[in-house]
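# Residue-level structure breakdown
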Amino acid sequence: MKIQLITFIAALAALSAQAADRLPAHLGAEGYVLSWHDEFDGDSLDRRAWNVEVNGTGCGNHELQHYIDAPEAVSVADGCLLLTAIRRPYGDSHQFTSGRVNTHGKVTFTYGIIEARIKLPSTADGLWPAFWMMGDDISTVGWPACGETDILEMGHANGIAAGSQDKLFNGAMHYGPDAGRHIQQVGEGTSTYSLQDGKFHHFYVVWTPKYIRMYVDKVAEPYLSVDIDATQATGADSTGAYFHKPNFLLFNLAVGGDFTGIHNPDAITALGNAEGSKASMEIDYVRIYTPAGIASND
């Protein structure tokens, strides 16, 4: 047992060192260590870390899918987490099902560098994949007072209008004392290459007490950078009032909704017209690096 424990500690230390070395230099990762990760190497989702959401409300965005807890929507295979959208009747009013997972109440963290390696589906017209995080106090303070950080979203109506669905993407931050005073900051970028090319791409957020910055692949310029210095907070409309507390992770694949500008199931071209047509968002891994001595809570 002692030998096994020593071997495990050595393996974790090696993974931490190797992972940190792989982070692009412009992220400023010196002194950060891997504090939590999920490589999705098993044959099922780790329910000790992840919640699978069941929700057909439209999630406040008039989305068209019903999120379900079923293998056809949320699965782990070949070293990846798959969230799959399917065209099919579900319940009384939905024409699509899909998957959404989060670590609320299970894995939380305050500050760090969060990395996910993702293969995105062709969003064409109507798919809306997202990688994001929210304040773990959402159950008590509600949204947007919990603070929301959208690290990656694709499928926006602007990309559809410009015919650049595979290149236009964004990060965003949402906050405010209540839904009536919702404030947002959005960083929209157009990649010089397709992010829906059937390959995996890296997405990062660097969250410090001073700022939140978001990056894709090896591109050194952040596509969104927001000052969150709490010492400069000037009240309920300041970012400094919302982004200094434990957050949890989310991944989802939405169908339609306000972000895409599509609310008619017949206008969803990303999924074929035939019942059973599907598309998946694949997450190879997600990793949280924190300054040495500060761990995630799991």
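Predicted model, so just to flag it, every value in this text is computed and none were measured. (Residues numbered from 1 in each chain as written. Predicted model: local features only at pLDDT ≥ 70, side-chain atom pairs only at ≥ 80, totals over all residues. Heavy atoms only, no water.)

### Describing the overall build of the protein chain
The condition is simple: Helix and strand assignments come from DSSP, with helices taken as H or I runs of at least 4 residues and strands as E runs of at least 2, each series counted from the N terminus. To get the radius of gyration, use the C-alpha atoms; to get the globule rule, take the number of residues to the power 0.38 and multiply by 2.2 Å. Three labels apply to residues, based on accessible area from a 1.4 Å probe with only protein chains included: buried if under 20% of the type maximum, exposed if over 50%, partly exposed otherwise in between. Contacts are residue-level and defined by heavy atoms, with any inter-residue pair within 4.5 Å sufficient. Method for areas: the Shrake-Rupley scheme with a 1.4 Å probe, in which residue coverage is limited to the protein chains shown. Asp and Glu count as negative and Lys and Arg as positive, but His and the ends of the chain are not part of the count. We put the charge of a Lys on NZ, of an Arg on CZ, of an Asp on CG and of a Glu on CD.
From N to C terminus, the protein chain includes three helices and 17 strands. For the protein chain, whose C-alpha radius of gyration is 19 Å, the value lies close to the compact-globule estimate of 19 Å for 298 residues. Overall size of the protein chain, expressed as C-alpha extent along the three principal axes, is 55 × 50 × 40 Å. Taken across its 298 residues, the protein chain has 51% of its residues classed as buried. Look at the contacts in the protein chain between residues 6 or more apart in sequence, and 70% of them connect residues 24 or more apart. Surface exposure of the protein chain reaches about 13000 Å², of which carbon and sulfur atoms provide 52%. Of the side chains in the protein chain, 19 bear a positive and 35 a negative charge, and the two mean positions are spaced by 5 Å.

### Focus: the packing of aromatic side chains
Inclusion rule: Between the rings of Phe, Tyr and Trp (Trp by its six-membered ring), a pair exists once the centres lie within 6.5 Å; its type follows the angle of the planes, with under 30 degrees stacked, over 60 edge-to-face, and the other angles tilted.
Enumeration according to the criterion identifies ten aromatic pairs in this entry. Geometrically, the ring pair formed by Tyr-175 and Phe-243 is edge-to-face, given 5.8 Å between the ring centres and 80° between the ring planes. Highlighted residues: Tyr-175 in strand β11 (residues 168-175) and Phe-243 in the loop between β15 (224-227) and β16 (247-255), separated in sequence by 68 residues. Taking the relative accessible area as the measure of exposure, Tyr-175 reaches 3% and is therefore buried.

### Topic: the state of the cysteines
Note the threshold: The rule for a disulfide is simple: a pair of cysteine sulfur atoms within 2.5 Å.
Scanning all chains against the criterion turns up zero disulfides. Cys-59 forms no disulfide, and the closest cysteine sulfur to it belongs to Cys-146, at a distance of 14 Å. Overall, Cys-59 belongs to the partly exposed group, its relative accessible area being 22%.

### Observations concerning the environment of Thr-208
Tracing the sequence through the fold places Thr-208 in the loop between β13 (201-207) and β14 (211-216). Note on Thr-208: relative accessible area 11%, which makes it buried. As a C-alpha pair, Thr-208 and Arg-47 span 161 residues in sequence and 29 Å in three-dimensional space. Apart from the residues within four sequence positions on either side, Thr-208 is in contact with Tyr-32, Tyr-111 and Ile-228.

### A few points about the sheet that holds strand β10 (residues 148-154)
To be explicit about the condition: The pairing criterion is simple: DSSP has to find at least two bridges between the two strands.
One open sheet holds the seven strands; their spatial order is β2-β7-β16-β9-β10-β11-β12, and the pairing between them is antiparallel. Here the strands that pair on one side only, and so sit at the sheet edges, are β2 (51-52) and β12 (183-190). With nine bridges joining them, strand β9 (residues 127-135) and β16 adopt antiparallel strand pairing. The residue of β16 that forms the bridge with Leu-127 is Val-255.

### Considerations on the pattern of salt bridges
Between side chains of opposite charge, pairing is possible as soon as their charged atoms come close. Spelled out, the test is: The term salt bridge refers to a side-chain nitrogen of Lys or Arg lying within 4 Å of a carboxyl oxygen of Asp or Glu.
In this structure the tally under the stated criterion is nine salt bridges. As a salt-bridge pair, Lys-245 and Asp-137 come within 3.0 Å of each other at their nearest N and O atoms. A residue pair is termed long-range when its members are at least 10 positions apart, and Lys-245 in the loop between β15 and β16 and Asp-137 in the loop between β9 and α2 (138-141) qualify at 108 residues. On the basis of relative accessibility, which here comes to 16%, the residue Lys-245 falls in the buried class.

### Section: the nonpolar core
Put simply, the test is: Here the nonpolar core consists of buried residues drawn from Ala, Val, Leu, Ile, Met, Phe, Trp, Tyr and Cys, with membership extended through side-chain atoms lying within 4.5 Å.
Counting residues in each nonpolar core, the largest one holds 60 residues, and the members touching the most others are Ile-118, Phe-131 and Phe-251. In terms of residues, this core owes the most to one element, strand β17 (residues 278-291), which gives five residues. Setting aside anything within four residues of it in sequence, one finds Phe-251 in contact with Trp-50, Leu-83, Gly-99, Arg-100, Val-101, Ala-116, Ile-118, Ala-130, Phe-131, Met-281, Ile-283 and Val-286. Counting ten residues, the second-largest nonpolar core is a separate cluster that includes Leu-27, Val-206, Tyr-215 and Tyr-289.

### As for the environment of Phe-40
Considering the arrangement of structural elements, one finds Phe-40 in the loop between β1 (32-38) and β2. Classification of Phe-40 by relative accessible area gives buried; the value is 3%. On a C-alpha basis, the gap between Phe-40 and Asp-125 in space is 29 Å, while along the polypeptide they are 85 residues apart.

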